[in-house]
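# Chain and residue survey
In case you want the letters, here they are:
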Amino acid sequence: MIRFNDIVEEILKYNPQADVDLLERAYVLSAKVHRGTVRLSGEPYLIHPLEVAYMLTKMNLDVPSVVSGLLHDTVEDSYLTIEEIKEYFGPEIAGLVDGVTKISRIEEQSSEESRAETLRKMILAMSKDIRVILIKLADRYHNMETLQFLSPEKQIEIARETLDIYAPIAHRLGIEWIKGDLEDLAFKYIDSAEYKTIRESIAKRKKERDSYISEVKELLKNRLAEFNLKAEISGRAKRLYSIYRKMLQEELALDEISDITAFRVIVGSVKECYEALGYIHALFKPIPGKFKDYIALPKANMYQSLHTAVIGPRGEKIEIQIRTPEMHKISEEGIAAHWKYKEGSVFNPKEDKIFGWLRRVIEWQKELKDSKEFLEIFKIDLFPDEVYVFTPKGDVRELPKGATTVDFAYAIHSELGQRCVGAKVNGKLVPLRTPLQSGDTVEVLTNPTHKPSKDWLKFVVTSKAKTKIRQWIKEEQRGRSIELGRTLIDKELAKHGLSLSKMVKSGELQTLAKEFSFETTDDLFASVGYGLYTALQVLGKVIPEPEKVSRISKIISSIKKSRDDAVKIKGIDGLVVRFARCCNPIPGDTILGFISRGRGLTVHLADCPNVHAYDDQRKIEVSWQDNKEYAYPVKLRVQGGDKKGLLSEVTNVITAGKANILNAQVMTYPDRTATSIFEIEIVNASQLQKIVKSIQKIKEVRSVERMRSSA
Ligand code: MN
């Protein structure tokens, strides 16, 4: 329990000239006003203002703030008026108490509407004096700590509001410890089952984690010491709510989250931060794309640090923050760290360049009359890692930064995602991969017969879109495997004068499926299509005697076989059918299929040496189906003299041949020769032949060859 003396002791630590007399008068008045009143916990009410005032000293706030903390509920809960506060304590403190009281009044009537109004009032108060918000944060903090005494409905409502408004404001003001505590306190009520699970699991593995932390600390410390860098290194488990958020965002189970521990390295100067980063990256392999330089580019709340993620000694991901002691102070205390140096002067955010954000918000609240609209705009700015976009009807959707129109479509409805063919952003047609910006209005264009593309996986960022696309590919793959397997079994049976449809009708095939422990005949087909078994393996018992086929009859039968017999290959779809990278067949080439185990059908050139080494049973006849939709990548090696302009001549010829150039590389040699490699998109073999001929006609060209290997 906090006593008045604790508050005095704390404030004198950072403000030896503090007006203790004023504090004492406030304490006496607060005690008098709240006498006889108890909180729902059964404790005397006075405990609450004492806790709030103590918390304000923890934020290193000035005397008027701490006095106002002691008095913050006196007007609200009693007969005392603001006029009287002004009379006893002056206009500054009266203004602070009035600001806090006004916000509290709105809190009483709680609904979606009033939440927006609360926020608006808070911003208004903030614009007058930022200290009102800091007092309000301390007030909410203690109320959250004692939330167990309220009804379950009230608990959830207040916890929600804390997550929606108070924690983000603390974050924006850079007071990370309050933000983190508020989130964890709220989490307990928002999803109590998950809260308990995560907390217990973290506690259970404490010993293991502690030894891991000291192992990594030791490695880091020794490495930095080698270069005479003095560093303070700490490791800790991440906060419960941040683990929970990660689980939700990435749709992971608790035990799938590897990086529950985070490390912090504090060194003497900015220069040393970058040095330490270099040494750490030489010690542990950095994970690409994870380095963030918040020293050069501080966050909106003044936060500065270097962030990196590396592969640790046990092959696990480790997040490391590197900063100076000053940066550390700001990262923990935020505006309060800044505040401390302003003791005695009235904090005016309008004059403070660092708080551009605050100024912006204050401007908005003047401009936006509708509170709901204000809430939305405010939210946009409160979470810089998220984008807020609008549906054509004006509904707001929240998406992670970098989300594309496809993510948006899936966020609205899975069906909309599956069918989307294009999108309009702010009325303009854009490519599906376009990243969205806050404030965009997005309209999704659909086609009822359209299907998702595997390529979408390259740019979508939300788990929902990823999961749904993968799921679709799996189903599609299975569909194709079944189809292919059925064709292969049918062909094998036909060779022996048997009929698949008869086997299905007689139930023979179902029995066969059961023998292979498949539930359905489709599963059996899929296993053949996917290359788990060959058709002959599956049909071994059905086909009476493995016929010995003579070389000659084999040749005859292969001549007799019409091309219609072959499995039709439509195009590159990246699903069951894949094209061998060793020979890159294109339409028009003579091809051969091979069922590779667990990978489905691979198509090779008929004369590809690789395919001849394979098991005959797994080879199948395939042929091209006329289809002009698909283009195939082909690599051409062009050798010739090192003449300027050769590259552009070859390029012109390729373009004239209506082929797309995907990539071009030129290597020149001291003997004045050059080798160029072009990767082009070809529709069929005759188009390729024409292009090759035209290139050969160029004077400087000595040779053109189609590269058969992917190297
Ligand atoms: Mn209060």
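Keep in mind that what you see is a predicted model, and the values were worked out from it rather than measured. Note on numbering: residues in each chain are counted from 1, in written sequence order. Local features in this predicted model are restricted to residues whose pLDDT is 70 or higher, and side-chain atom pairs enter the listing and the counts only when it is 80 or higher, whereas totals over whole chains, interfaces and linings include all residues. In computing side-chain properties, one takes all heavy atoms of the structure into account and sets aside hydrogens as well as water.

### Some details on the overall build of the protein chain
In terms of regular secondary structure, the protein chain is built from 30 helices and 20 strands. Only protein chains enter the accessibility calculation, which uses a 1.4 Å probe; a residue is then buried when its area is under 20% of its type maximum, exposed when over 50%, and partly exposed in between. A burial count over the protein chain gives 47% of its 711 residues as buried. Calculation of accessible area relied on Shrake-Rupley with a 1.4 Å probe; when residues are assessed, cover is drawn exclusively from the protein chains displayed. Carbon and sulfur atoms make up 51% of the accessible area of the protein chain, which totals about 36,600 Å². Only DSSP runs of H or I covering at least 4 residues are called helices, and only runs of E covering at least 2 are called strands; the numbering of each starts at the N terminus.

### Considerations on the sheet that holds strand S20 (residues 701-706)
At least two DSSP bridges between two strands are required for those strands to pair. Pairing is antiparallel in the open sheet, where four strands are placed in the order S18-S19-S17-S20. One side of each edge strand has no neighbouring strand; the edge strands of this open sheet are strand S18 (660-668) and S20. With strand direction ignored, the average angle separating the axes of adjacent strands in the sheet is 15 degrees. One ladder, built from five bridges, connects strand S17 (residues 632-641) with S20; its direction is antiparallel. For Gly640, the partnering residue across the bridge sits in S20 and is Val701. Lying on the sheet, helix H29 (residues 646-656) is in contact with S17, S18, strand S19 (673-682) and S20; it crosses S19 at an angle near 20 degrees. The criterion used for residue contact is that any of the two residues' heavy atoms lie within 4.5 Å. Every axis in this analysis is a line fitted to C-alpha atoms, fitted for helices over the stretch in contact. Angles between the N-to-C directions lie between 0 and 180 degrees. Each of S17, S19 and S20 is contacted by helix H30 (residues 685-697), which is oriented at about 165 degrees to S20, the strand it contacts most.

### Topic: the coordination of the manganese ion
Coordination angles at a metal have ideal targets, namely 109.5 degrees for four tetrahedral donors and 90 or 180 degrees for six octahedral donors. For the manganese ion, every protein donor is listed as His48 (NE2), His72 (NE2), Asp73 (OD) and Asp139 (OD), and the spread of their distances is 2.2 to 2.4 Å. Only N, O and S atoms count as donors, using a 2.8 Å limit from the metal and a wider 3.2 Å limit for Na, K and Ca, and since water is excluded some coordination spheres may look unfilled. Counting along the primary sequence, the residues that act as donors to the manganese ion give the motif H-x23-H-D-x65-D. This pair shows no difference in class: His72 is buried, exactly as Asp73 is.

### Section: the nonpolar core
Core analysis: the biggest nonpolar cluster contains 74 residues, and Val67, Leu71, Ile85, Phe89, Leu137, Leu173 and Ile198 have the highest contact counts within it. Those residues in contact with Phe89 that lie beyond four places of it in its chain are Leu22, Arg25, Ala26, Leu29, Val67 and Leu71. Residues belong to a common nonpolar core when they are buried Ala, Val, Leu, Ile, Met, Phe, Trp, Tyr or Cys residues joined through side-chain atoms within 4.5 Å. Leu524, Ala526, Val622 and Ala685 belong to the second largest nonpolar core, which has 49 residues in total.

### Section: helix H14 (residues 240-250)
For H14, the set of buried residues is Leu240, Tyr241, Ile243, Tyr244, Lys246 and Met247. Phi for Glu251, located one or two positions after H14, is positive at around 50 degrees.

### A short note on the pattern of salt bridges
Side-chain pairs of opposite charge can arise whenever the charged atoms involved come near each other. By salt bridge we mean one thing: a side-chain nitrogen of Lys or Arg within 4 Å of a carboxyl oxygen of Asp or Glu. Enumeration over the complete set of coordinates arrives at 26 salt bridges. One salt bridge connects Lys179 with Glu176, and the closest N-O pair in it is separated by 3.8 Å. Taken together, the residues span about one helical turn, with Lys179 and Glu176 both in helix H11 (residues 176-190) at a distance of three residues. Exposure remark for Lys179: the relative accessible area of 14% places this residue in the buried category. Overall, the relative accessible area of 21% leaves Glu176 in the partly exposed class.

### Observations concerning the pairing of S19
S19 sits mainly inside the fold: eight of its ten residues count as buried. Bridging between S18 and S19 involves eight bridges; their strand directions are antiparallel. Of the residues in S19, the one forming a bridge with Met667 is Thr675. Here S18 hands over to S19 after four residues, with Arg672 in that stretch at a positive phi of 65 degrees.

### A closer look at the sheet that holds strand S11 (residues 442-446)
Reading across from one edge, S10-S9-S11 is the order of the three strands in this open sheet, with antiparallel pairing throughout. Of all the strands in the sheet, just strand S10 (428-430) and S11 have a single pairing partner and so form its edges. Direction aside, neighbouring strands of the sheet carry axes that sit 35 degrees apart on average.

### Observations regarding a nonpolar patch on the surface
Together, Val270, Tyr274 and Phe291 line one region of the surface with nonpolar side chains, adding up to about 240 Å² of accessible area. With respect to the helices, strands and loops of the structure, Val270 is situated in helix H15 (residues 270-283). Residues forming no salt bridge and having over 30% relative accessible area are the ones grouped into patches, like charges within 9 Å of each other and nonpolar side chains (Val, Leu, Ile, Met, Phe, Trp, Tyr) within 5 Å.

### Observations regarding the environment of Val310
Of note, Val310 is situated in strand S5 (residues 306-311). Separated by 25 residues in the primary sequence, Val310 and Lys285 have C-alpha atoms spaced 5.4 Å apart. Ignoring sequence-local partners within four residues, the contact set of Val310 consists of His281, Phe284, Lys285, Pro286, Ile287, Glu316, Lys317, Ile318 and Ile320.

### Focus on the confidence of the model for the protein chain
Per-residue confidence for the protein chain gives a mean pLDDT of 81, with 82% of residues at or over 70. pLDDT is defined as a per-residue confidence score from the predictor, taking values between 0 and 100. Element-level mean pLDDT values for the protein chain span from 48 in helix H27 (residues 551-560) up to 95 in helix H3 (residues 47-58). Confidence over residues 341-354 falls short of pLDDT 50; this stretch has 25 contacts with residues more than four positions distant or in other chains. Every residue in residues 571-575 scores below 50 in pLDDT, and together they form 14 contacts with partners more than four places removed in sequence or on other chains.

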